[in-house]
Amino acid sequence: MEKGDCCAATHEYPHPFIFEVKLTRAQRIRGLILGSVLVPVRVTLAAFFFLIMWPIARLRLAGLSEEERARPVTGWRRWLFHPIVLLLSRAVFLSLGFPWVKVKGRRADLKEAPVLVVAPHSSFLDMLVLCPTQLATVVSRYENTKLPVIGALLEFNQSVLVRRKDPKSRKEAVAKLNERLTSKGYWPQMLMFPEGTTTNGRALIKFKPGAFLAGVPVQPVLLRYPNKVDTVRWTYKGASWTQALWHTASQFYTNMTVEYLPVYNPSEEERNDPSLYADNVQRLMAKALGVPATDHVMEGRVPVSKLGGVSLPLEPPGRVTLSLLRKNGLEAREIKAALAKMIGRCRSGAQGSKASADELTSLLSLKEKQTAVSICGLYSKDEAVDLRQLYFSVSALSDFTNFKDLLHSAFTLFDQESKGSLSAEELSDLMGALLGIPQYNTGALYTEASSQGKLTEESLLRVLTTHPTYQKVVNDYLQAEEAGPQPPPAAAAANGKAANNNGVTHGANGFLQHNK
């Protein structure tokens, strides 16, 4: 590990989606003085180089038909415009305080590895890695094409674009990605961040399978920022992109190290199982970085860990809700009374299960609305909440009822036709209510609990309390705070072991092991 590199998760950073810039008083004063001079100058220079790039990037594909744009750019359009944009891109980062990039190892050529997988993903400043990789093609959200300059650069790059919320777009992007990666050198080398979001770098979160779907060799690329002060990271909670930019541009200079690991050739088993392939590469890279490999993912803008297909919130909304209510002076009997009102309303069906912040303020007998707004924000993006989620997620973490009775109440509520069994969709809704976040992959749980033909209350209770995987969900996430342990910082990986051609196995504990 180099100086300034990150270490394993600590109590300070319970999961990889939290980061704060840690500065001493002297560093803050120096940053304020230097930043007042350096930041305006550097941002102005970066904007200047971006503005120069804008028309040049557009010129590369100017006058080409849609059919011609669907093929890789060659000839004079490539040898003329490519080095200019590469030089200007480097100038942008030079102006922001990245005078040099230390490169370790050798970048594989296109035929050796059609795709470079880069981790950890820390912030937008990671885009500097495109310079030593000769502006490799990337995958980006379609919405980014609407941004000034960025849209032109994505067009120049001939990036694979995807609308994440559109299933058809995602399917088309996968097809285009596979076509490029299996083109045997026809398309340029691609670069992907398999984590799919930014983290604090204290662990590698679960890799998305996109880069591994084609089953072709990949070259792992490690990013490090060996600096005395860690300023570049931009995460879900904590440091924002503006803070990352300010603190980084306030430094005299910022170091970056790019390390190319040997090309990873997948085994036959990995080629047939992209998720296994992704997991093994993740663990290999985590080992090289000296950090844990976890099953954490960002799902619907909520950080979760995966266990048996179930999404477990790293910050359970039920626990946060209980904390907010207690801070507002509500005692246990008052919380219990409010929960009784909620479940009564859900069972009656007269007013529906959705409640606005104003209604929640009344239900909880709160003195001011802001707490209700905060609680709604834990469960949804607007000032409304599904009372079923609120009731069951809070009840599961309180000592008002035991888990068996709570499950009976939930089963009865979600068995809307009173048929004595649940469909796969109803099971997803039930588990989402218990855990406080939507559940999208409960197929394995449904299969396990409906092995006798139907998913009954008895079969679901049996699986949740006796199955080694799902029992952990109940014990760690659905028990009263006084009775159950706090959620672990990293969920266990999938059970079993799987081998590959690179002498690596990953076991049930989720960490990498080398075959002797």
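Residues numbered from 1 in each chain as written. Predicted model: local features only at pLDDT ≥ 70, side-chain atom pairs only at ≥ 80, totals over all residues. Heavy atoms only, no water.

Engineer: Lay out a positive patch on the surface with the relevant residues and their values.
Structural biologist: A cluster of basic residues, R141, R164, K165, K208, R301 and K381, forms a positive patch on the protein surface. Along the polypeptide, K381 turns up in the loop between helix 12 (369-379) and strand 14 (384-386). Exposure remark for K381: the relative accessible area of 69% places this residue in the exposed category. (Patch = residues over 30% accessible without salt bridge, like charges linked within 9 Å, V, L, I, M, F, W, Y side chains within 5 Å. Areas by Shrake-Rupley, 256 points an atom, 1.4 Å probe, with all protein chains shown as cover. Salt bridge = Lys/Arg side-chain N within 4 Å of Asp/Glu carboxyl O. Lys, Arg positive; Asp, Glu negative; His and termini not counted. Charge placed at Lys NZ, Arg CZ, Asp CG, Glu CD. Helix = DSSP H or I, 4+ residues; strand = E, 2+ residues; numbered from the N terminus. Buried < 20%, exposed > 50% of the residue type's maximum accessible area, 1.4 Å probe, protein only.)

Engineer: I'd like to hear about the sheet that holds strand 12 (residues 310-313), residue by residue, with values.
Structural biologist: The strand order across the open sheet built from 3 strands is 10-11-12, with neighbouring strands paired in antiparallel fashion. Of all the strands in the sheet, the pair left with one neighbour each is strand 10 (296-299) and strand 12. Adjacent strand axes in the sheet meet at a mean angle of 50 degrees when their direction is disregarded. Across 4 bridges, the pairing between strand 10 and strand 11 (residues 302-307) is antiparallel. Bridging from a neighbouring strand, V297 pairs with V304 of strand 11. (Pairing = 2+ DSSP bridges. Axes fitted to C-alpha atoms, helices over the stretch in contact; angles between N-to-C directions.)

Engineer: Describe the layout of surface pockets, naming the residues involved and giving the relevant values.
Structural biologist: Think of a ball as big as a water molecule: rolled over the atoms, this probe shows where empty space is left. By volume, the second largest pocket amounts to about 640 Å³. Looking at the second largest pocket, it is lined by 21 residues, and the ones nearest its centre are R69, S159, L161, K176 and R180. The dominant element in the lining of the second largest pocket, judged by the number of residues it contributes, is helix 5 (residues 167-181), at 6 residues. By residue class, the composition of the lining of the second largest pocket is 7 nonpolar, 5 polar and 9 charged. (1 Å grid on protein atoms, 1.4 Å probe; cavity = no way out; pocket = protein on both sides within 12 Å on 5 of 7 lines; lining within 4 Å. Points joined across faces, edges and corners; volume = space filled by probe spheres on them. Nonpolar A, V, L, I, M, F, W, Y, C, P; charged D, E, K, R; others polar.)

Engineer: Give a description of the confidence of the model for the protein that names residues and reports values.
Structural biologist: Of the residues in the protein, 90% have a pLDDT of 70 or more, and the chain-wide mean is 87. Under a pLDDT of 50 for its full length, residues 1-9 has, in the predicted model, 24 contacts with residues more than four places off or in other chains. Below pLDDT 50 for its whole length, residues 483-516 participates in 86 contacts with residues either more than four positions away or in separate chains. (pLDDT = per-residue confidence, 0-100. Contact = heavy atoms within 4.5 Å.)

Engineer: Can you break down the pattern of salt bridges residue by residue, with the values?
Structural biologist: The final tally for this structure, using the stated rule, is 20 salt bridges. With a closest N to O distance of 3.4 Å, R202 and D230 form a salt bridge. Of this pair, R202 sits in the loop between strand 6 (190-192) and strand 7 (218-224) while D230 sits in the loop between strand 7 and strand 8 (237-238), and the two are 28 residues apart along the sequence. Summarising the burial analysis for this pair, R202 and D230 share the class buried. R233 is the salt-bridge partner of D230, the closest N and O atoms lying 2.7 Å from each other. R233 carries the same exposure label as D230, and that label is buried. Three or more residues are tied together by salt bridges with common partners; here these are R58, R69 and E155.

Engineer: How would you explain the packing of aromatic side chains if you had to name every residue and give the values?
Structural biologist: With the rule as written, the count across this model stands at 12 aromatic pairs. Ring centres of F124 and W241 lie 6.3 Å apart, and the angle between their planes is 80 degrees; this geometry places the pair in the edge-to-face category. Here F124, found in the loop between strand 3 (115-119) and strand 4 (139-141), pairs with W241, found in helix 6 (residues 241-249); they are 117 residues apart in sequence, far enough to count as distant. With a centroid separation of 6.2 Å and an interplanar angle of 90 degrees, the aromatic rings of Y186 and W187 are classed as edge-to-face. Classification of Y186 as partly exposed rests on a relative accessible area of 47%. The class for W187 is buried, based on a relative accessible area of 4%. In this arrangement the basic side chain of R60 is found over the ring face of F156, its NZ or CZ atom lying 4.2 Å from the centre. The cationic tip of R163 hangs over the ring face of Y142; the distance from NZ or CZ to the ring centre is 3.7 Å. (Phe/Tyr/Trp six-rings, centres within 6.5 Å; stacked < 30°, edge-to-face > 60°. Lys NZ or Arg CZ within 6 Å of the ring centre and 35° of its normal.)

Engineer: Give me the lowdown on the UniProt feature "domain: EF-hand" (unreviewed entry) in the protein, citing residues and values where you can.
Structural biologist: UniProt marks residues 402-437 with the feature "domain: EF-hand" (unreviewed entry), using the numbering shown here. Structurally, residues 402-437 comprises 67% helix and 0% strand, and the distance from its first C-alpha atom to its last is 21 Å. (UniProt positions renumbered as here; feature names shortened; annotations may be inferred.)

Engineer: How would you explain the side chain of H247 if you had to name every residue and give the values?
Structural biologist: Following the sequence through the fold, H247 ends up in helix 6. A residue is classified by how much of its surface remains accessible, and H247, at 17% relative accessible area, is buried. Among all residues touching H247, those that are not within four sequence positions of it are V21, L23 and T231.

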